[in-house]
Amino acid sequence: MTTGTWLADVGATPARARQWWVLTTRLIVPSVKTGEVLTSILAPATFTAGFYIPLKTVMTFAGTGFSSYAQFMMPLVVLQAAAFTAISAAFRSATDSVAGLNRRFGSMPVGRLVPAAARMSGNVFRLALSLCSAIACGYVIGFRFYLDAAHTVGFLLLSMLIGTALTLGADVIGTVSRSPEAVTQALVLPPLIFGMLSAGLAPAHQFPAWVQPFVRNQPVSQFVLALRALAGDTLGNAGTATWSLMGPSLAWTAAILVLCIPLTVRLSSGRA
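Because the structure is a prediction, the values reported are computed rather than measured. (Residues numbered from 1 in each chain as written. Predicted model: local features only at pLDDT ≥ 70, side-chain atom pairs only at ≥ 80, totals over all residues. Heavy atoms only, no water.)

**Some words on the side chain of asparagine 123**
Considering the arrangement of structural elements, one finds asparagine 123 in helix α5 (residues 114-141). On the accessibility criterion, asparagine 123 (1% relative accessible area) is buried. Looking at asparagine 123, its side chain comes within polar contact range of the side chain of arginine 126, at 2.7 Å. If we skip the residues at most four places from it in the chain, asparagine 123 touches Thr85, Ala89, Thr167 and Asp171. (Helix = DSSP H or I, 4+ residues; strand = E, 2+ residues; numbered from the N terminus. Buried < 20%, exposed > 50% of the residue type's maximum accessible area, 1.4 Å probe, protein only. Polar contact = N/O pair within 3.5 Å; in protein donor to acceptor, adjacent residues only side chain to side chain. Contact = heavy atoms within 4.5 Å.)

**Quick notes on the side chain of serine 93**
Here serine 93 is to be found in helix α3 (residues 69-98). One polar contact links the side chain of serine 93 to the main-chain amide nitrogen of threonine 175, over a distance of 3.3 Å. When near neighbours in sequence (up to four residues on either side) are disregarded, serine 93 contacts Arg119, Ala170, Asp171, Gly174 and Thr175.

**As for the packing of helix α6 (residues 149-177) against helix α9 (residues 219-231)**
Packing of α6 against α9 brings their axes to within 8 Å, and their N-to-C directions diverge by 155 degrees. In terms of axis orientation, α6 runs roughly antiparallel to α9. Crossing geometry of α6 relative to α9 is assigned as left-handed. Contacts between α6 and α9 involve His151, Thr152, Gly154, Phe155, Leu158, Ser159 and Ile162 on the former and, on the latter, Phe223, Ala226, Leu227, Ala229, Leu230 and Ala231. (Axes fitted to C-alpha atoms, helices over the stretch in contact; angles between N-to-C directions. Parallel < 35°, antiparallel > 145°, perpendicular 65-115°, else oblique. Left-handed = near helix turned anticlockwise from the far one by under 90°.)

**Details of the state of the cysteines**
Taken as a whole and judged by the stated rule, the model has zero disulfides. For the unlinked cysteine cysteine 132, the closest cysteine sulfur is that of cysteine 137, found at 11 Å. (Disulfide = S-S within 2.5 Å.)

**Quick notes on the layout of surface pockets**
Quantified by volume, the largest pocket comes out at close to 550 Å³. Taken together, 23 residues make up the lining of the largest pocket; nearest its centre are Ala83, Leu166, Pro190, Pro191 and Phe194. Elements with a minimum of two residues in the lining of the largest pocket: α3, α6, α7 (180-196), α9 and α10 (243-270). Of the residues contributing to the lining of the largest pocket, the split by class is 21 nonpolar, two polar and no charged. Space inside the second largest pocket adds up to approximately 200 Å³. Along the walls of the second largest pocket sit 14 residues, with Ala199, Pro203, Ala204, Leu225 and Arg228 positioned nearest its centre. Elements with a minimum of two residues in the lining of the second largest pocket: α8 (212-217) and α9. Classifying every residue of the lining of the second largest pocket by side-chain character gives nine nonpolar, three polar and two charged. (1 Å grid on protein atoms, 1.4 Å probe; cavity = no way out; pocket = protein on both sides within 12 Å on 5 of 7 lines; lining within 4 Å. Points joined across faces, edges and corners; volume = space filled by probe spheres on them. Nonpolar A, V, L, I, M, F, W, Y, C, P; charged D, E, K, R; others polar.)

Right, dumping it as structure tokens:
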């Protein structure tokens, strides 16, 4: 890179930052004014009620090894909230593609990664609201952080990291699909299937023997186990946040990011 090119890139950085801010504001402000963000707050409440109320008595009788079913179940609610945000992200990116917004940006002096970065900023904003709502709902039904501040921060950071990875993957899928309705319908089923067939609602050993290997090793179960270890429990059955326990969830998250980041760059370069 020549000195002139480097100076041009440095000079363009403030302009790129302003472009990112304008596009991010374009996504966030209208959603706040119209009340769209309320879905990010109300969806976790729906998941909490939908899982907790029907299953609390049954799972208390069956046993989970935890002090309460709320403590056992809440990591799955957090993950479902993240998945809901991801579906919204796919719908938004597909809508931009259908409207030709990406091509329009391609004909303007806008940084190639700025539109994608702005979409992700709006997605992370909604993700943060959704996770805060999920944790607040958890506190209402009895969920608590029983370990020190470092573990609590770890729970929050891992939740955000997983949610960001899922959202980035959904943004890529939406950009490629270019059909908001189709991509939304296609992405509704995977969170439900992986959520129901996971260790999030019941211990793996309570599933039929033939499906237990899948239940134990699929990514949602690994995410749930890691979050439970970071939240803790008074009975001491939540596990310990060791590398052997946290490794699979971090590996799944890293794999999603490693796959989707280059795809995002490529799609942004082509302004699909």
